[in-house]
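# Per-entry structural report
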Amino acid sequence: MHKSDSLFIHVILMILLGSALSLAQTTGKISGKIVDSANGEALAGANVMIVNTSFGTAADRNGNFYIINIPPGIYEVQATMMGYKRMRMEKIRVSVNSTTTLHFDMEPTVLQGEEIVITASAVSFKKDQTSSVRNVSAEQIARLPVENVSQVVNMQAGVVAGHFRGGRSSEVAYLIDGLPVVNSFSEYSRQSVYLETDAVQDLEVIKGTFDAEYGRAMSGMVNAVTKDGGNTWHGSISGGYSNYLTAHDNVFIGLNESGFLERNLSQDYRFQLDGPVWKDKLTLFTTYRYQNNRGPINGIYRFNPWDYSVYPSLDPSTWHIEHTGTGEYVALQQNFHHNAMAKLTGRITNNFKVSLLYTYNGNKSRRFNNGLGDFQYKYNPYGLPWDLSTIHFVSFDINHMISKSLFYDLKLSYTAREEQSYLYENPLDSRYLSPNYRGSLETGFYTGGMVDPGKREDTFLRGDAKFDMYWQANKVHGLKTGVLYTSHIVDRNMISVRNMYQGLSMANDMFMDEDGKIYFPNYVPEIVPITENTIGIYRVKPYELSAFIQDKMEFDEMVFKLGLRYDYFNSNFHYPSDRRNPSNQLSLPDSMMSVMLPNDPQTQLSPRLGLSYKLSDRAVLRLSYGHFFQMPQMYSLFENDIFRVPPFNFQTTMGNSQIKAEKTVQYEIGLWQQIMEGMGLEVSLYYKDIYNLLSTQVITTYNQIRYGLFTNNDYGNARGIELILDYARGGFYTQLNFTYSYTRANADNPRDTYTRAGDSMDPITRLIPLSWDQRYTVNATASYSTKQSNVALTGYLNSGTPYTYDPPDYSSLYRINLYQNNSYKPLSMTFDLVASYTLPVFGKHSLKFMVNVYNLLDKLNANWVYGDTGQPYTRIVTESDLSKFRSDYNDYYDQVENPTMYSNPRAVKVTVGYIF
């Protein structure tokens, strides 16, 4: 039996024996006290019910009560007792992993049926918060000018383009209904499965320290709790169309007379349906969304891939020019998305609930990234490849309330992600052409040709088994402990194609027909055979296990959390004993030869501590501390899995299955103060040290060939202050977020040390700003909603992020070894607007009209800049540069004026929906 299989069986036995306990990460809790308003005496036996649900309890002899395992949402809570007026509290919000504390002062009465209606105080929700947690409800999301969950996350204080409080974007964990949906392989984002905003009931964003139940992340957690179907059928269907309306015709080509881009109309269709399959027993919730998105960057269809042009000298008579395109504008940024989700929820009894969730994400995108390489296809747009991905996520959840103080939650999930990249699906497609057609870039752009043939096919599978239980031992102690087992399969495959005549002079032979068309006839593609020396094709099966224990102690004026987490990771791989001869390519004495050794498992213990103290009925102080571990992304473990060293320096970077977990030690202090009714101010200060960051070191083989090896060398730290001011009154809501922070490390990217050595640059010996180090970020939202209408405006003001100033060779600074990220880009500002109106038609049927305007003021904000000027669209051009330029259709500045350097211009989207 394989050791990973035996470990899995061991975990299942643990689950069956009930040795794992933990709070499910999809529910919350209400607790409180009921007293006589006249004398303050406890009212033992008073009944507490959550209106229109089966949740309820009775107060104990001290008047205390609690209700656990409550799905997130907005509720009404009612307290009753014979001889007292019925009391009902409205707008009680329950959030994931949070306790809402209520206090009922009941008034005696001799009349039956009298009722008092009140609203809970703001401190009822804040008292439980021991760290920087932001819960965004479905109702709040619906009012915001956002298209996806990521935009909601990026609106939070301390988050910069997916980076939480200065951490790398790969340091954030994503969950759906408490189950990890993490891309553990990618070098960039870790989010693997995507939900539409319509499907989210509650979004929990944790930016700093987090409880022991959370792990495998160093910077933040995002937990999306999905909606359940209701007991009545209802749904919606909508269609939206958007385009870019801008006055910047010097940047974005293809504008018509009205200011819209001609080829950039995007489509967005949505469908949602939920209701009872079997009333009170089985419900369905389902959503589907199709998007055909086109970005604002257009190309000009001047050349076909089979065109060939060459400009060998400054004399136009020596030029050979072919251009058979139509000259029309073509959208270079094209994306086709299919997102679907279906959830069946069964309530076998009031205390036993099961759910089955399926999510599908399908994406096909024209590969066009910001930068120079893809922009070189501006006049040859059909030479760019496609990136495709399909993601299937299935989860099964059993939630069983054993008693009013004890429940468990068993979750199982399976994620399958497939990624492909190609121009034509068949790698031997006859439409593939010789690379000679691309020309020599004399004009700054490809005048023919296409990407190299071939096909990348990667499959990533993961299974998760998670058993959670929560026990409210008494009024004070809420105990959690839990276990999570994850099994991975990484299957990487690549089909490489070469010319049958590669390496022969005849591969470059040209033939001109009678019409003056040039051909390269000696191009016959063939698939490169896979051998034992082929790099980048492998199948590995790492696995990991996590467990924790935590006690949440809730006193009248204080909440104290104490937890400990254990993480185990096994790459289930091997490593060479001698890195200077890793694959025994060199025949040397035995002492200089490698043997393959099994990797050592990586284990960590992480203490967690959180405290909140109620200073008054209008103020809460909180403190938190924790150690957070995360294994680096798996590409750094398995890259160049056969450990083969190419014949020249700096041609490969090898994975390292002995790599250690990265570690963050975080400290945080925060204060929440209610300024007036409906208005609160929250201030947070944080600091974190980041150890064992993923890096690379340069290894020199015995024959003096240098290559890169992933290791743990880098260090970083981050510190900052966050302010959140919010105000709500009636249908009006506003929130202001402000962050001031510093982020430093000795490497911006894990490969930096290797790259600098390969470029003959000195190593970085001090802490430098990271590329996402944004000194301050400000965003503010103001919205007003009625039963039929909503309008919201969100503004963003962000200081510039770093770039590397690269002085021209005639500058006195040119000979100075300047560090990376030594200057800052310009600040950016944008406003987004949404307005909607719902028109009743008949009964519960209505029409909804919505207008979204993104970048309302049509600001040109810099995405990236040139190193010599610090500005987009502008760089230092010399007379020598201009004199060497050769072209018959553009000028030198065409290649300098790259519109990808700017963020998207103003976009207007109009949506019409039918609600039933």
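From a predicted model like this one, the values you see are computed outputs, not experimental measurements.

This part takes up the overall build of the chain. The number of helices and strands found in the chain is eight helices and 49 strands. Whereas a compact globule of 916 residues would reach a radius of gyration of roughly 29 Å, the chain reaches 30 Å, a difference of no more than 12%. The principal-axis extent of the C-alpha atoms belonging to the chain is close to 105 × 75 × 60 Å. Relative to its 916 residues, the chain shows a buried fraction of 54%.

By secondary structure assignment, the location of serine 31 is in strand β1 (residues 28–36). When near neighbours in sequence (up to four residues on either side) are disregarded, serine 31 contacts Phe65, Tyr66, Thr99, Thr100, Thr101 and Leu102.

What follows covers the nonpolar core. One finds Phe252, Tyr308, Phe368, Leu423, Tyr432, Met450 and Tyr889 to be the most contacted residues of the largest nonpolar core, which totals 33 residues. Judged by nonpolar contacts, the second largest core, of 28 residues, contains Met155, Val172, Val181 and Leu357.

Let's shift gears to the sheet that holds strand β5 (residues 73–80). If you trace the five strands from one edge of the open sheet to the other, you get β3-β2-β5-β6-β8, paired in mixed fashion. Only two strands of the sheet have a single partner each, and these edge strands are β3 (56–58) and β8 (115–119). Recorded for the sheet is a direction-independent mean angle of 20° between the axes of neighbouring strands. Where β5 meets strand β6 (residues 86–94), six bridges bridge the pair, whose relative direction is antiparallel. Looking across to β6, one finds that glutamine 78 is bridged to arginine 88.

It is worth spelling out a nonpolar patch on the surface at this point. Together, Trp233, Val277, Trp278, Leu344, Leu356, Tyr358, Val394, Phe396, Leu412 and Tyr414 give the surface a local cluster of nonpolar side chains, amounting to about 950 Å² of exposed area. Mapped onto the fold, tryptophan 278 is located in strand β17 (residues 266–278). On the basis of relative accessibility, which here comes to 59%, the residue tryptophan 278 falls in the exposed class.

Side-chain pairs of opposite charge can arise whenever the charged atoms involved come near each other. Applying the stated criterion to the full structure yields 55 salt bridges. Between arginine 88 and glutamate 76 there is a salt bridge, with the nearest N and O atoms lying 3.1 Å from each other. Remark: glutamate 76 occurs in strand β5 and arginine 88 occurs in strand β6; sequence separation between them is twelve residues. Its relative accessible area of 30% is what places glutamate 76 among the partly exposed residues. Taking the shortest distance from any N to any O, the salt bridge between lysine 517 and glutamate 322 comes out at 2.8 Å. Note that lysine 517 is positioned in the loop between β27 (511–512) and β28 (518–519) and glutamate 322 in the loop between β19 (298–300) and β20 (329–331), a separation of 195 residues in sequence. A relative accessible area of 14% means that lysine 517 is categorised as buried. Salt bridges sharing partners connect three or more residues here, namely Lys126, Arg165, Lys207, Arg622, Glu668, Glu682 and Glu722.

Moving on to the sheet that holds strand β9 (residues 133–137). Taking strand neighbours across the sheet as the criterion, the five strands line up as β9-β14-β15-β12-β13 in an open arrangement whose pairing is mixed. Each edge of the sheet is formed by a strand with only one pairing partner; in this case those strands are β9 and β13 (179–180). Relative to strand β15 (residues 220–226), strand β12 (residues 172–176) runs parallel, the two being bridged by five bridges. Within the sheet, the bridge partner assigned to isoleucine 176 lies in β15 and is alanine 224.

Phi is positive for asparagine 97, which is not a glycine, with a value near 60°. Along the chain, asparagine 97 turns up in the loop between β6 and β7 (99–106). What makes asparagine 97 buried here is its relative accessible area of 9%. The phi dihedral of leucine 441 falls on the positive side, at around 60°, and the residue is not glycine. Position of leucine 441 relative to the elements: it lies in the loop between β24 (406–422) and β25 (454–472). You can call leucine 441 partly exposed: its relative accessible area is 31%.

The next subject is the side chain of lysine 227. Examined against the element boundaries, lysine 227 turns out to sit in the loop between β15 and β16 (234–244). For the buried lysine 227, no salt bridge is present, and the opposite-charge side chain at shortest range is aspartate 198, 6.0 Å distant. Side-chain polar atoms of lysine 227 contact the backbone oxygen of aspartate 198, separated by 3.0 Å. If we ignore the near neighbours within four places in the chain, the residues touching lysine 227 are Ala138, Asp198, Ala199, Val200, Gln201, Phe285 and Lys343.

Let us now look at the packing of aromatic side chains. The geometry of an aromatic ring pair is captured by two quantities: the separation of the ring centres and the angle between the planes. A full pass over the atoms with the stated rule returns 36 aromatic pairs. A centroid spacing of 6.4 Å and a plane angle of 85° characterise the contact between phenylalanine 210 and tyrosine 214, whose relative ring orientation is edge-to-face. As far as burial versus exposure is concerned, phenylalanine 210 and tyrosine 214 are alike and both buried. Note on tyrosine 635 and phenylalanine 710: the rings are 5.5 Å apart at their centroids and 85° apart in plane angle, and the pair reads as edge-to-face. One end of the pair, tyrosine 635, is in helix α5 (residues 635–638); the other, phenylalanine 710, is in strand β40 (residues 706–729), and 75 residues separate them in sequence. For tyrosine 635, a relative accessible area of 6% puts it in the buried group. Residue classification places phenylalanine 710 among the buried residues on the basis of a relative accessible area of 0%. Joined through ring pairs, the aromatic side chains of Phe303, Phe375, Tyr379, Phe445 and Tyr889 make up one cluster. Positioned above the aromatic ring of tryptophan 386 is the side chain of lysine 364, whose terminal nitrogen or guanidinium carbon lies 4.7 Å from the ring centre. The residue whose ring lies beneath arginine 775 is tyrosine 742, and the NZ or CZ to ring-centre distance is 4.0 Å.

Turning our attention to the confidence of the model for the chain. The predicted model of the chain has a mean per-residue pLDDT of 91, with 97% of residues at 70 or higher. Here residues 1–24 scores under 50 on pLDDT; set against residues more than four positions off or in separate chains, the count is 50 contacts.

This part takes up empty space enclosed by the protein. Scanning the entire structure with this criterion turns up 13 cavities of 30 Å³ or more. Here the largest cavity is characterised by a volume of approximately 400 Å³. Forming the boundary of the largest cavity are 36 residues, of which Gly215, Arg216, Leu484, Ser546 and Arg565 lie nearest the centre. Of the residues forming the lining of the largest cavity, the biggest block, five residues, is contributed by strand β31 (residues 543–554). Per-class residue counts for the lining of the largest cavity are 17 nonpolar, ten polar and nine charged. Lining the second largest cavity are 13 residues, with Arg134, Leu144, Met155, Tyr733 and Gln735 positioned closest to its centre. Taken together, the residues of the lining of the second largest cavity sort by class into four nonpolar, seven polar and two charged.

For serine 546, the location among the structural elements is in strand β31. Residue serine 546 is classed as buried on the basis of its relative accessible area of 3%. The spacing of serine 546 and tyrosine 485 is 61 residues in sequence and 6.5 Å in space, taken between C-alpha atoms. Beyond its immediate stretch of four places on either side in the chain, serine 546 contacts Arg216, Gly482, Val483, Leu484, Arg565, Tyr566 and Asp567. There is a polar contact of 2.6 Å between the side chain of serine 546 and the side chain of aspartate 567.

Attention now goes to the environment of alanine 835. Mapped onto the elements, alanine 835 comes out in strand β47 (residues 828–842). Given a relative accessible area of 31%, alanine 835 falls into the partly exposed group. Spatially, the C-alpha atoms of alanine 835 and asparagine 522 are 60 Å apart, while their sequence positions differ by 313 residues. Non-local contacts of alanine 835, meaning those with residues more than four positions away in its chain, are made with Asn790, Val791, Phe849, Met850 and Val851.

How each quantity is defined
Residues numbered from 1 in each chain as written. Predicted model: local features only at pLDDT ≥ 70, side-chain atom pairs only at ≥ 80, totals over all residues. Heavy atoms only, no water. Helix = DSSP H or I, 4+ residues; strand = E, 2+ residues; numbered from the N terminus. Rg over C-alpha atoms; globule rule 2.2 N^0.38 Å. Buried < 20%, exposed > 50% of the residue type's maximum accessible area, 1.4 Å probe, protein only. Contact = heavy atoms within 4.5 Å. Core = buried A, V, L, I, M, F, W, Y, C linked by side-chain atoms within 4.5 Å. Pairing = 2+ DSSP bridges. Axes fitted to C-alpha atoms, helices over the stretch in contact; angles between N-to-C directions. Patch = residues over 30% accessible without salt bridge, like charges linked within 9 Å, V, L, I, M, F, W, Y side chains within 5 Å. Areas by Shrake-Rupley, 256 points an atom, 1.4 Å probe, with all protein chains shown as cover. Salt bridge = Lys/Arg side-chain N within 4 Å of Asp/Glu carboxyl O. Lys, Arg positive; Asp, Glu negative; His and termini not counted. Polar contact = N/O pair within 3.5 Å; in protein donor to acceptor, adjacent residues only side chain to side chain. Phe/Tyr/Trp six-rings, centres within 6.5 Å; stacked < 30°, edge-to-face > 60°. Lys NZ or Arg CZ within 6 Å of the ring centre and 35° of its normal. pLDDT = per-residue confidence, 0-100. 1 Å grid on protein atoms, 1.4 Å probe; cavity = no way out; pocket = protein on both sides within 12 Å on 5 of 7 lines; lining within 4 Å. Points joined across faces, edges and corners; volume = space filled by probe spheres on them. Nonpolar A, V, L, I, M, F, W, Y, C, P; charged D, E, K, R; others polar.

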